[in-house]
Amino acid sequence: MVFLPPPHLASASRPAYAEAYANILAAHRRSPLTSASSVIILVAPDVDALCAAKMLAELLKQDDLMHRIIPVSGLADLERMKDELVTYVELHTLILLNMGAILDLSSESWFGEFSMKLTVHIIDSTRPQNLANMFSVGENGERFIVWDDGEAENMGEERKAWEALMYDPEPDSDEDSDLDDEDDLRSHQEDDLDGDEEFSERGPSGKRRSLGDGDRSQEKRRKLDDQAPRLSREQRDTYHELVAKYYGSGSWYGQSASATIYILATVLERVDCDLLWLAILGLTFQYTTARISRDTYDKYHSIYYDEVFRLNPLPPDVAANATDAITAISPDDLSVRAAEELRFMLFRHWTLYDAMYHSSYVAGKLGIWKERGRKRLTGLLAKMGFSIPQTQQPYAYMDLDLKHQLRAKLDSIAPEYGLVELTYPSFVRCFGYRASPLGAADAVEAVSALLDVAGGIRMEVEIEGARHGGEWFGGGRLWEGGRNGDEQREKLMEVSRKPRDGDGHVNEDGDADGEERKERSWWVKNFWAAYDALSDIVPLRDALSLSMSLHRAIIRQGTSIIDKQDIRTMRSHRVVVLSHGPDLALFAHPGVLARLGLWLVDALRDRLPGTKIGGPQSRGKKSLPFVVACLNEKTQTYVVVGIMGALDFGDVRRNEFGLAFIEAKQRCNARSRHSTFDASVLEIEQEDLKLFLETLCEVGEGY
């Protein structure tokens, strides 16, 4: 069995996370060749994977185990990395964070041909997972270990179907039928024949099977020798349908990778506030990006809630007299606290008006893209007794009485405007004298902004206190990532690396791959900037202004889409295509484009009727499927993102666009590639977009 159950489902015969971690340490200490390339962690570009990598690196550091962390942006990058890893003779442990679960990693096209001493650990929150990774047997299959969250315990039917289809003979294959009939006749007569004689008597067809299927044909013959009953055609069809249903039901998310590492740290008795905070960020990221439902969030929140009070006990006098749960107790207070989070964007660091204006929940209820909606927002604040000057200055400088009355005023007045779910349980962390307390949702927004747009794109951020400053003192500044001069040095180095002609002039056309290398360079820099910010409040605090600029662009673009009625309604989904505008370079990033799609879903949830991917005849639940495409002017391609929004706030639908995209591009032969690990994100040639969208409508009718 190659999936690890969580500790509460483990037993003496079924090892769990701690045993797998101990095996990693033992393999490293036994290996005669130990270096930083002996243990390699490949990390996907999302906040959850980033937090899990940070936590795992801390555990390995405590055990004095050298390791390397390598960011991997997508499938193409993973293939490139696989070719490089083959050359590492000292590599014995490979850990995949939020990637690889859907791939058949034991196949020859991935890591099947690697040395048998290599063990691959898959810690991935994406679902579905490849059944071969979870249920394969044999020496090769057991090298691939899936750290499961308990879901595999409920997959008995899928496991039975997969094993039957994998190891039982095909009755309708001519080649298999000839082979199986011959085996039946000679099973008791030629047991003493060795493999070479058996191979020579079978001829070319047997040779092809021996080279292609190897272990699987041996497994099949072993079953026939034991006179195992064959599957009937009806049983085989039933099993095929069961496996197809598992893979074809859409993509969803399970336990976060950071939660898996936190469980490991708990078993190892090494948890502290830093690891707890990172695990909370991973959970909050899943919730704020609509990857998990409110019920799932509440389940994990209750666990972390107990952990917060276990690791951060408050003094009795403070707990009894505290009126503000997010006030630091002392200059060195680094504790994590439980708190109710408002659904206002970065409200502790922005003005109250801007925080409400840029909230997707408030936008959907009030319709802030219209003048009437903005007047309703102003009227709500006025009815609460908040003057315009108070709501237009940073929240930190508002009158203390107004801040203390904010929650009570919202609870009494906001329901009149349909704002009935303004809060949800969350956490904040104190940073002593270095910064004001930071909410988990705010930290996630800052880290996400660093991952997406910290570099590689021109972003202007507002200077604190510069609003309404007039021609001389107003405006903002360009985002420099906290490192002055890096961009200029990078440009000089880029020019020096370009090929030159005989006269010493730079040859602009000589380096065909320069643009791709530059893009990867920026992405890797963004990754490490976000990674460093997880443990340093200074760059994390600075990134809040970058996140604000990002959300201004999202609101600006989303408002324009709705005002100009750029949303096209198809038979089973809605389409938005961005082909011009000042922010095209920004929305060419899949992460930013997905945020825009989520904002549109939240804003229009109460204003659009739900549809079904399979059309009116489908049995599935109604949802809000959106396809958002943006032109990348540099590469002349479109980045396409599919989002499956739920009609009920806090609910989540499985994303069926991954398979729909794959089938549509195969039908129309569109030139495309999956640049990320998310199948519902596609990069397609500009000329093929129209045909692809038309084919996608036809594919949707078949669901």
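Up top is the structure these notes are about.
As a starting point, this report considers the structure included with it.

Parameters and conventions
Residues numbered from 1 in each chain as written. Predicted model: local features only at pLDDT ≥ 70, side-chain atom pairs only at ≥ 80, totals over all residues. Heavy atoms only, no water. Helix = DSSP H or I, 4+ residues; strand = E, 2+ residues; numbered from the N terminus. Buried < 20%, exposed > 50% of the residue type's maximum accessible area, 1.4 Å probe, protein only. Areas by Shrake-Rupley, 256 points an atom, 1.4 Å probe, with all protein chains shown as cover. Axes fitted to C-alpha atoms, helices over the stretch in contact; angles between N-to-C directions. Parallel < 35°, antiparallel > 145°, perpendicular 65-115°, else oblique. Left-handed = near helix turned anticlockwise from the far one by under 90°. Contact = heavy atoms within 4.5 Å. Nonpolar A, V, L, I, M, F, W, Y, C, P; charged D, E, K, R; others polar. Pairing = 2+ DSSP bridges. Salt bridge = Lys/Arg side-chain N within 4 Å of Asp/Glu carboxyl O. Phe/Tyr/Trp six-rings, centres within 6.5 Å; stacked < 30°, edge-to-face > 60°. Lys NZ or Arg CZ within 6 Å of the ring centre and 35° of its normal. Core = buried A, V, L, I, M, F, W, Y, C linked by side-chain atoms within 4.5 Å. Expected span 1.5 Å × (residues − 1). Arc of directions from axis to C-beta. Polar contact = N/O pair within 3.5 Å; in protein donor to acceptor, adjacent residues only side chain to side chain.

Some words on the overall build of the protein chain
Counting secondary structure elements, the protein chain contains 28 helices and 19 strands. Looking at the 703 residues of the protein chain, the share that counts as buried comes to 50%. Total accessible area on the protein chain stands at roughly 33,300 Å², and carbon and sulfur atoms take up 50% of it.

Some details on the packing of helix 12 (residues 273-288) against helix 13 (residues 294-311)
Across the interface, helix 12 lies against helix 13 with an axial gap of 11 Å and an inter-helix angle of 165°. As the angle between them shows, helix 12 and helix 13 are arranged roughly antiparallel. Pair helix 12 / helix 13 crosses with left-handed handedness. In contact with Cys273, Leu276, Ala279, Ile280, Leu283 and Tyr287 of helix 12, helix 13 contributes Arg294, Tyr297, Tyr300, His301, Tyr304, Glu307, Val308 and Leu311. Tallied by class, the residues present in the contact of helix 12 with helix 13 amount to eleven nonpolar, one polar and two charged.

Digging into the pairing of strand 9 (residues 336-342)
The buried fraction of strand 9 is high, at five of seven residues. Examined bridge by bridge, strand 9 and strand 10 (residues 423-429) share seven bridges and lie antiparallel to one another. Residue glutamate 341 lies in a different strand from strand 10, and its bridge partner there is tyrosine 424.

Quick look at the pattern of salt bridges
Evaluated as defined, the whole model comprises 25 salt bridges. Note that arginine 671 and aspartate 688 form a salt bridge whose closest N and O atoms lie 3.0 Å from each other. Here arginine 671 is found in the loop between helix 27 (657-668) and strand 18 (672-673), whereas its partner aspartate 688 is found in the loop between strand 19 (681-685) and helix 28 (689-701), with 17 residues between them in sequence. Among the residues examined, arginine 671 registers a relative accessible area of 47% and is labelled partly exposed.

What to know about the packing of aromatic side chains
With the rule as written, the count across this model stands at 21 aromatic pairs. With centroids separated by 6.4 Å and ring planes inclined at 85°, the aromatic side chains of tyrosine 246 and tryptophan 252 adopt a geometry described as edge-to-face. Like tyrosine 246, the residue tryptophan 252 is buried in the burial classification. Aromatic ring contacts, followed pair by pair, group Trp523, Phe527, Trp528 and Tyr531 into a single cluster. Over the ring of tyrosine 531 we find lysine 54, and its NZ or CZ is 4.1 Å from the ring centre. Taking the ring centre of tyrosine 361 as reference, the NZ or CZ of arginine 343 above it sits at 6.0 Å.

Observations concerning the sheet that holds strand 10
Read across the sheet, three strands follow the order 9-10-11 without closing on themselves; strand pairing throughout is antiparallel. Sheet topology places strand 9 and strand 11 (438-439) at the edges, where each strand pairs with a single neighbour. Of the strand pairs in this sheet, strand 10 and strand 11 are connected by two bridges, and their pairing is antiparallel. Counterpart to valine 428 in the pairing with strand 11 is glycine 439. In the packing of helix 12 onto the sheet, the strands contacted are strand 9, strand 10 and strand 11, and the crossing angle to strand 10 comes to about 150°. Sitting on the sheet, helix 13 touches strand 9 and strand 10, and the angle it makes with strand 10 is about 35°.

Some words on the sheet that holds strand 5 (residues 119-123)
In space, the six strands of this open sheet follow the order 1-7-5-4-2-3, with parallel pairing throughout. Across the chains shown, the open sheet's two edge strands, defined by having one partner strand only, are strand 1 (3-4) and strand 3 (68-71). Relative to strand 7 (residues 144-147), strand 5 is paired through three bridges, and the arrangement is parallel. Bridge pairing in strand 7 places valine 120 opposite phenylalanine 144. Sheet strands touched by helix 3 (residues 75-85): strand 2 (39-43), strand 3 and strand 4 (93-97). Its angle to strand 2, the strand with the most contacts, is close to 170°.

Observations regarding the environment of phenylalanine 3
Position of phenylalanine 3 relative to the elements: it lies in strand 1. We classify phenylalanine 3 as buried; its relative accessible area is 5%. The sequence separation of phenylalanine 3 and phenylalanine 135 amounts to 132 residues, and the corresponding C-alpha distance is 7.4 Å. Discounting residues that sit within four places of it in the chain, phenylalanine 3 has contacts with Arg14, Met134, Phe135, Val146, Asp148, Ala152, Glu153 and Arg159.

Observations concerning the nonpolar core
Grouped together as the largest cluster of nonpolar side chains are 181 residues, with contacts concentrated most on Leu42, Leu85, Phe344 and Trp599. It is helix 24 (residues 537-563) that provides the largest number of residues to this core, a total of twelve residues. Contacts of tryptophan 599, omitting those with residues within four sequence positions, involve Ser360, Ala363, Ile368, Trp369, Ile554, Ile555, Gly558, Thr559 and Ile562. One finds Val627, Leu631, Val640 and Phe661 within the second-largest nonpolar core, a separate group that totals 20 residues.

Some remarks on helix 17 (residues 371-383)
In this model, helix 17 (13 residues) spans 18 Å end to end at C-alpha, consistent with the 18 Å of a helix rising 1.5 Å per residue. Taken together, the buried positions of helix 17 are Gly373, Leu377, Leu380 and Leu381. For helix 17, the arc enclosing every buried residue in end-on projection is 95°, short of the 170-degree limit, so these residues lie on one face. Of the residues in helix 17, the exposed ones pointing more than 90 degrees away from the buried face are Arg372, Lys375 and Ala382. Of the surrounding elements, those touching the buried residues of helix 17 are helix 15 (352-357), helix 16 (360-366), helix 18 (388-391) and helix 19 (400-413). In the stretch just after helix 17, glycine 385 is the one whose phi turns positive, near 90°.

Overview of the side chain of histidine 28
Take histidine 28: it is sitting in helix 1 (residues 17-30). Judged by relative accessible area, which is 7%, histidine 28 ranks as buried. There is a polar contact of 3.3 Å between the side chain of histidine 28 and the side chain of histidine 92.

Some details on the environment of valine 538
Within the fold, valine 538 resides in helix 24. Along the sequence, valine 538 and arginine 434 sit 104 residues apart, while their C-alpha atoms lie 8.0 Å from each other.

Remarks on the pairing of strand 15 (residues 574-578)
In terms of burial, strand 15 is a largely internal element, four of the five residues being buried. Note: strand 14 (residues 568-569) against strand 15, two bridges, orientation antiparallel. By the bridge assignment for strand 15, arginine 568 is matched with valine 575. Connecting strand 14 to the next strand, strand 15, in antiparallel fashion are four residues. For strand 15 and strand 16 (residues 623-632), the ladder comprises five bridges, and the chain directions are parallel. Opposite valine 576, over in strand 16, you have valine 628 as the bridge partner.

Remarks on the side chain of serine 38
As for its placement among the helices and strands, serine 38 is situated in the loop between helix 1 and strand 2. Taking relative accessible area as the criterion, serine 38 reaches 0% and is therefore assigned buried. Within the local environment of serine 38, its side chain forms a polar contact with the backbone oxygen of glutamate 90, the two atoms lying 3.4 Å apart.

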